[in-house]
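One-letter residues, chain by chain:
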Amino acid sequence: MSDYEVGMVGLGVMGQNLALNLDEKGFSCAGWDAWPEPVDKFDAKAEREGATNVKGFKELKDFVASLRRPRRIILLVKAGEVVDKTLAALLPLLSKDDMIVDAGNEFFQNTERRAKELALHEIRFFGMGVSGGEEGARHGPSMMPGGDRAGYDAMAPMLKKVAAQVDGPCVTYCGPGGAGHYVKMVHNGIEYADMQLIAEAYDVMKTLGGLTNAELADTFSEWNAGELQSFLIEITANIFRKKDPETGNDLIDMIVDAAAAKGTGKWTVQDAAELGVPVPAIASSVEARILSADRKGRASASKLLVGPAMRAGSTDKKALIAEVRAALYAAKACSYAQGMNLLRAASNTRAWGINLGELARIWKGGCIIRAQFLGRIKDAYDRDPALGNLLLDADFQRELAERQRGWRSTVVQATLAGVPVTAMSGSLGYYDSLRRERLPANLTQAQRDYFGAHTYERIDKPGSFHTEWSAK
Ligand code: 6PG
């Protein structure tokens, strides 16, 4: 056939799976990749799965010619330079009103630049975050499109069908410009924090509580049946049960303790600093990955830097597990509050009109951070769409108040034992800073004025003041 409704550029596993998902939902899909091997794999997989309305192309011009006009092309290639190169190759083959959707994890400013450049050629372009990994792409991801509104409207019926379905399709128009990719970036920032908090819970329960991998698996399974229910907790329980076929050991113990990152977490922290929004849970998660990556440095420092003696199993296991559970929930709430605040600030600054409650809804299914918890966030924004900080919602206020003893105890015990819990304690510091009417920033202002005449404000009268601090 030569009238495909949609084209997929980039036939890695994500591209292949999204194409097969499109086919399954009734949209014929042509695929193209710069390399021949993924194209062959795609055709073979399509045949195995009985997908009849998909076909892989090795020549870009044949691929473009096979698409119904105006063409709709989804890019699933590596963010950055590869996107620019792909667009440059596609452009001469496209016609007015053709549409390109970049579904990769791209930096939002690159998306805005490309949209402007392509608009000069009357090509519609929008960025769309896609979450859910390989499984999500195949059976229903959560999608965060933003940019050209008419382009989105034209694609919406298709996107709504391929999306995960939880309280409606898990896709919503996020806003103009780079809003879609921005929303996905913050989703990933929250994902980093979620993962780091779970990792810290693991470390505390293993190092302080002496839990075995089997006990950890059972603990995470139990948590997954309650208020912490989420995809990430569910897979964590499964991970602790997995055996290494080569050695017979628990696979988790065979994995190198150095975390990689592709950039979305870092961008979240960078833009948060740019907009002046505190995101300590996310920032400490990014830093935890950076710290983990320097294995050599840690190996030598571990021989030089002294800490307390760590004795596994020295605490009451059951009590510790309950406290860590409370700490994980409370710290998680802080990290979502930080992510949501960042989204609100970005939306206000860039006039994107992001609807936070709607984002919580589309994150309930398909994506990596999907969780029962998002229903509570959605309810909070439904109660008050202008909610200043998620933690100020009455339900969250109560939930954190109930958990703060366990949260503090976890941070204290971990700290005394020398177990780093930077995301849990960063979140606690955030909570405590928010609820302190007076912080020690008066001293910071005095110092700034002392060494740089930066002036300060007084509590008893308006205006800016400077003091000759060293004058006798
Ligand atoms: C998702 C994931 C996905 C991917 C990230 C991981 O939502 O499906 O976030 O986008 O796994 O790129 O990012 P790091 O490699 O930086 O951990």
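Residues numbered from 1 in each chain as written. Predicted model: local features only at pLDDT ≥ 70, side-chain atom pairs only at ≥ 80, totals over all residues. Heavy atoms only, no water.

Undergrad: I'd love a proper account of the site of the ligand, names of residues and values included.
TA: Near the ligand, the surroundings consist of 13 residues, among which Asn105, Ser131, Glu191, Tyr192 and Lys262 are the closest. Here an oxygen atom of the ligand and a backbone polar atom of Gly132 are 2.9 Å apart. Between an oxygen atom of the ligand and a side-chain N or O atom of Asn188, the distance comes to 3.1 Å. When residues of the shell around the ligand are assigned to their parent elements, the largest contribution, five residues, is made by helix H8 (residues 179-207). Class assignment for the residues of the shell around the ligand results in three nonpolar, six polar and four charged. (Near = heavy atom within 4 Å. Polar contact = N/O pair within 3.5 Å; in protein donor to acceptor, adjacent residues only side chain to side chain. Helix = DSSP H or I, 4+ residues; strand = E, 2+ residues; numbered from the N terminus. Nonpolar A, V, L, I, M, F, W, Y, C, P; charged D, E, K, R; others polar.)

Undergrad: I'd love a proper account of unusual backbone geometry, names of residues and values included.
TA: Glycine aside, the phi torsion of most residues is negative, and most peptide linkages are trans. At the junction of Arg69 and Pro70, the peptide bond is cis and its omega measures out at -5° in the coordinates. In this fold, Pro70 is placed in the loop between helix H3 (60-65) and strand S4 (72-75). Of note in the backbone geometry, Glu122 takes a positive phi value of approximately 60° without being a glycine. By the element assignment, Glu122 lies in the loop between helix H5 (108-119) and strand S6 (124-131). The exposure class of Glu122 is partly exposed, given its relative accessible area of 45%. (Buried < 20%, exposed > 50% of the residue type's maximum accessible area, 1.4 Å probe, protein only.)

Undergrad: If you had to explain a nonpolar patch on the surface to someone new, which residues and values would you point to?
TA: A cluster of nonpolar residues, Tyr450, Phe451 and Trp469, forms a patch on the protein surface that exposes about 390 Å² of accessible area. Mapped onto the elements, Trp469 comes out in the segment after helix H19 (441-452). (Patch = residues over 30% accessible without salt bridge, like charges linked within 9 Å, V, L, I, M, F, W, Y side chains within 5 Å. Areas by Shrake-Rupley, 256 points an atom, 1.4 Å probe, with all protein chains shown as cover. Salt bridge = Lys/Arg side-chain N within 4 Å of Asp/Glu carboxyl O.)

Undergrad: Go over the side chain of Ser285 with me, naming the residues and quoting the values.
TA: Along the chain, Ser285 turns up in helix H12 (residues 280-293). Relative accessible area serves as the criterion here: at 1%, Ser285 is assigned to the buried category. Among all residues touching Ser285, those that are not within four sequence positions of it are Tyr192, Ala193, Gln196 and Ala423. (Contact = heavy atoms within 4.5 Å.)

Worth remembering: the numbers are spatial, not functional.
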